[in-house]
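If you want the building blocks of each chain, they are given just below.
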Amino acid sequence: MSVVLMQHALFLAMVLFALGTIGVLMRRNLIVMLMSVEIMLNAAGLAFIAAGSRWGQADGQVMFILILALAAAEVAVGLALILRLYQRLGTLDADAADKMRG
Amino acid sequence: MLSLLAFIPAFPLLGFAILFVTAGLLPKRWITTIGVGSVGISAFLALIVMFAFLGAPQPYTKVVWTWIAVSSFTPHIGFYLDALSGLMMLVITFVSFLIHLYSAEFMSTDEGYNRYFAYMNLFVASMLVLVLADNLLFLYLGWEGVGLCSYLLIGFWYRDPANGLAARKAFIVTRVGDTAMAIGLFVLLTNLGTLDIQPLMQQAVVHWPVGSALPIAAAALLLGGALGKSAQLPLQTWLPDAMAGPTPVSALIHAATMVTAGVYLIARTHVLYDLAPPVQTAVAVIGALTLLLAGFSALNQTDLKRILAYSTISQIGYMFLALGVGAWSAAIFHFMTHAFFKALLFLSAGVVVQRLGEEHDIFRMGGLRERLPLAFWSFLIGSISLAALPLIDAGFYSKDLILWEAWSDGALGPWLWSAGLIGALLTAIYIFRAVFVVFFGPVGLEPSGPTGWRVAIPLVVLSALALVGGFVEIPPYLGNVPAFSRLMQSALPTPPAMATAGSSSELMLSAIAALVAILGVGIAYISFRRRPAFLEALVQSPASLALQHFWETDWGFDWLYDRALVRPFLWISRIDQGDVIDRFYGGLASLSRVAYRQLSESETGRVRRYAAGITAGSVVLIAILVFA
Amino acid sequence: MTIAFYIAAAVAVVATALVIINLNVVHALLCLVISFLAVAIVFYVLGAPFAAALEVIVYAGAIMVLFVFVLIMLNTGGAAIQQERHWLTPWIWVGPVGLAAILLGEFVYLLWRNPVAAASGALGEPRQVGALLFGPYLLAVELASMLLLAGLVGAYHLGRTDRQAADERGRM
């Protein structure tokens with residue numbers, strides 16, 4: 001394999017993470033927010049892989065697998081919740097769920 | 001035997017503690033037993049102690065423990081027994097016991113039964129502390145204690161705001177006196193170094209020349225305290241309003257015991273007054289003026305209890321008059337007889353008022369002679385003693401002694417004597433006015449309910465004492481029994497007039513006094529039984545009505561104090577409501593309110609905003625980690 | 001191979017940017033799939049073929065499909081696009097971009113300060129990954145399985161409609 005600077009890989013991970021953050025804060029659609037969270041998780045996984053590659057160990061991949069399992073469970077429950085919310089509120093607007101105000 | 005002295009105030013205090021802690025839990029019989037029994041035990045112990053004392057009459061001190069120990073100032077919890085405090089202790093415990101027994105029936109239907117006996121026991125304990133204290137600080141403790149209990153008991157029926165107002169008035173007016181007394185204690189302490197009474201008196205004689213500024217200041221300040229507690233001019237306005245409390249309270253506190261605390265204080269510290277002649281003269285003058293003023297006021301009252309209240313003020317004026325001319329033992333003698341007949345009057349008045357369904361206006365009563373015979377005879381005996389009708393009653397001997405001492409006191413003597421004489425006339429008129437209006441004539445309201453043995457026994461006992469209590473001090477021309485003054489000699493110096501006792505002038509003066517008393521009864525009889533037309537016209541004339549109203553409202557003192565003191569004070573407190581300190585605390589409150597609203601606004605309920613908060617926070621944290 | 005890394009990285013960044021900007025949710029979803037595929041290529045270049053395969057199978061294949069199903073159920077349609085246009089006002093991105101920029105800046109600063117050695121480039125065999133999973137990370141695997149079970153039960157319970165729940169209660 002060719003050599004890839006770890007710095008660049010980490011930089012890629014950070015850029016993706018930043019984009020995911022912007023998505024969570026900027027969009028009001030619940031589905032898009034959840035997708036942005038997935039982007040962030042993916043970016044974190046990428047960082048782990050990059051670290052594992054730098055040290056030549058497979059631990060990075062193991063961490064990535066665990067993150068993947070976590071993301072899967074989280075998406076399942078999260079989407080179920082979004083369905084319930086849509087039933088209750090009639091909209092996918094995140095700002096509509098503000099009854100805990102005050 | 002004498003060492004039982006410390007237990008005498010302890011038993012009522014224990015009774016108070018038990019009743020206070022078990023408020024509302026004990027059955028009524030137990031409350032009665034504890035409340036009346038504790039004072040009964042005290043009375044019994046007082047008898048035993050006095051018997052032991054009379055066997056070997058020298059002053060006895062019992063120190064229980066040291067209260068404060070600050071460099072050279074070490075007041076104790078100590079009790080001092082001599083003839084003066086012993087006599088007062090005996091009268092207080094005995095009369096208190098009778099009144100507690102009376103209360104057991106009088107207050108039996110009241111819902112505050114437990115509270116009543118708790119406060120009464122505390123009062124008796126405080127009063128005993130006051131008279132038995134061996135140093136002025138401990139005396140002040142008892143002084144304040146009786147003031148507190150007076151407040152609690154006047155406002156006993158607290159649901160009526162008028163009672164609370166009367167209680168507060170009593171407390172505040174006596175407070176003015178108490179403050180003067182406290183300053184007097186400071187003067188004594190800083191100049192003489194101690195507050196133990198006997199050493200204090202000795203130090204005063206050694207260090208202070210007669211008539212110098214310091215004893216005058218100290219004596220005048222202590223006099224201020226005595227004026228407040230004993231309801232003399234100018235602090236007498238609280239006592240008529242204090243009749244808002246239950247009648248046994250009026251009998252005990254505002255007739256027989258608390259209001260005589262001032263008399264006791266002056267008698268106890270008589271050395272100071274000997275060192276300050278101007279103040280002593282002031283005492284006599286105040287006494288004389290008060291007895292006249294109160295006499296005129298009593299004449300115009302329609303409330304039975306208020307008549308008796310003004311009568312109390314007037315009689316204590318007599319005691320002050322005696323103190324002022326140096327007749328210390330005469331004042332104490334009158335205290336003893338007054339305790340008997342005034343308590344008797346109040347208790348029988350209580351029977352009348354309660355049987356008529358809480359009716360106080362004497363002009364709505366009438367003809368109760370047949371209906372309430374026990375109350376009638378008790379009230380009559382009390383009135384005879386109060387008016388000091390000759391020979392048969394106790395009041396005659398004590399009042400006569402005072403008048404004789406007043407006459408013999410130098411240049412001011414004849415004036416004081418005339419004031420006392422006019423006061424005696426007024427006394428006879430107003431009390432027999434009450435007797436004739438309430439007990440004679442056509443029946444007004446019909447009384448209801450029976451009178452039990454617990455009310456009857458105190459009335460009978462006090463009637464007996466009101467009749468024979470004066471026979472311990474009979475002047476020479478009538479039988480010469482100077483037992484009382486001889487007893488008092490060990491504690492109080494003999495007045496100068498005693499040297500010329502028995503002379504013909506004394507006989508003539510007492511004859512004049514006796515005639516005046518009988519004249520007073522006659523005037524009352526004519527005015528209120530016969531009711532001739534010309535008197536009616538005189539009474540109803542506008543000038544007379546105005547004068548009557550002026551006297552009825554206590555010579556305008558309430559109006560004066562209200563205008564001169566109360567309203568300016570309320571005005572000042574009203575305009576001071578928004579001052580700097582208030583605004584500071586208000587600012588704190590509004591600051592927290594603003595902060596609350598701000599924080600409340602920050603909780604929008606929107607997820608994105610919370611996420612933004614988390615992000616910003618983590619950014620800051622990471623910045624700290626990276627750059628620091 | 002290094003070229004492949006940079007090209008795939010560029011594709012991933014652009015696709016992700018499109019995801020968060022897109023008005024149509026379905027289009028955003030598809031862009032996200034492309035982003036994941038690009039990241040899978042990056043994984044392969046970094047010497048993690050197993051991770052690359054998993055990324056494609058699980059992330060792009062299962063999780064995104066879940067998203068698609070939910071979108072089908074919600075059935076929002078054209079009105080949703082109007083709504084999105086309404087929500088995405090011109091100035092809405094200032095705050096988030098600012099925050100993200102600061103975050104990025106901090107990380108860049110960290111990287112610049114500590115020059116790191118290059119990746120070793122050794123291939124991380126699936127055999128090695130398996131050995132690790134059954135060895136030191138056994139407990140983590142068990143915990144992850146429990147997590148998935150919890151997610152399964154939770155999703156089933158939450159996914160029921162009220163009428164279904166009422167029926168079941170009535171039957172009991």
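See above for the structure.
Attention in this report is confined to the structure presented alongside it. (Residues numbered from 1 in each chain as written. Chains lettered and ligands numbered in written order. Predicted model: local features only at pLDDT ≥ 70, side-chain atom pairs only at ≥ 80, totals over all residues.)

**Things to note about the overall build of chain C**
When helices and strands are counted, chain C shows eight helices and zero strands. Counting over 172 residues, chain C shows a buried share of 26%. Restricting to contacts in chain C with at least 6 residues of sequence separation, those with at least 24 account for 59%. (Helix = DSSP H or I, 4+ residues; strand = E, 2+ residues; numbered from the N terminus. Buried ≥ 20, exposed ≤ 12 C-beta atoms within 10 Å, placed from the backbone. Contact = placed C-beta atoms within 7 Å.)

**With respect to the overall build of chain A**
Of the regular secondary structure elements, chain A holds three helices and zero strands. Seen in sequence order, chain A has helices and strands lined up from the N terminus as α-α-α. The C-alpha atoms of chain A give a radius of gyration of 17 Å, which is well past the 13 Å a tight globule of 102 residues would have. Projected onto the principal axes, the alpha-carbon positions of chain A cover approximately 50 × 25 × 25 Å. Across the 102 residues in chain A, those meeting the buried criterion constitute 59%. Put simply, 46% of the contacts in chain A that link residues at least 6 apart link residues at least 24 apart. (Rg over C-alpha atoms; globule rule 2.2 N^0.38 Å.)

**Some points on the nonpolar core**
Formed by 203 residues in total, the largest nonpolar core has its most connected members in B:Leu321, B:Ala331 and B:Ala343. In terms of residues, this core owes the most to one element, helix α15 (residues 328–355) of chain B, which gives 18 residues. Look past the residues within four positions of B:Leu321 in its chain and what remains in contact with it is B:Ala284, B:Gly287, B:Ala288, B:Leu291, B:Ile402, B:Ala406, B:Leu416 and B:Gly420. The next biggest cluster of nonpolar side chains, apart from the first, holds 77 residues, and it includes C:Ile20, C:Val33, C:Phe43 and C:Ala48. (Core = buried A, V, L, I, M, F, W, Y, C linked by C-beta atoms within 7 Å.)

**Examining helix α10 (residues 247–256) of chain B**
By the criterion of burial, α10(B) is predominantly enclosed, with 10 of the 10 residues buried. Listed as buried for α10(B) are B:Thr247, B:Pro248, B:Val249, B:Ser250, B:Ala251, B:Leu252, B:Ile253, B:His254, B:Ala255 and B:Ala256.

**Observations regarding the interface of chain C and chain B**
The interface is formed by seven residues belonging to chain C together with seven residues belonging to chain B. Class assignment of the residues belonging to the side of chain C that touches chain B gives a composition of five nonpolar, one polar and one charged. (Nonpolar A, V, L, I, M, F, W, Y, C, P; charged D, E, K, R; others polar.)

**As for the interface of chain C and chain A**
Counting residues at the interface gives 71 residues for chain C, matched by 62 residues for chain A. Broken down by secondary-structure element, the contributors of at least two residues to the side of chain C that touches chain A are α1 (2–21), α2 (25–45), α3 (49–74), α4 (78–87), α5 (94–113), α6 (126–134) and α7 (138–159) of chain C. Its residues assigned to classes, the side of chain C that touches chain A shows 59 nonpolar, 11 polar and one charged.

**Here we look at the packing of helix α18 (residues 394–407) of chain B against helix α22 (residues 504–530) of chain B**
All names here are of chain B. As a packed pair, α18 and α22 sit with axes 10 Å apart at the nearest point and diverge in direction by 125°. It follows that α18 is oblique to α22 by the angle criterion. Read as a crossing pair, α18 and α22 show a hand that is right-handed. Here Asp400, Leu403, Trp404 and Trp407 of α18 lie close against α22, whose contacting residues are Glu506, Leu509, Ser510 and Ala513. (Axes fitted to C-alpha atoms, helices over the stretch in contact; angles between N-to-C directions. Parallel < 35°, antiparallel > 145°, perpendicular 65-115°, else oblique. Left-handed = near helix turned anticlockwise from the far one by under 90°.)

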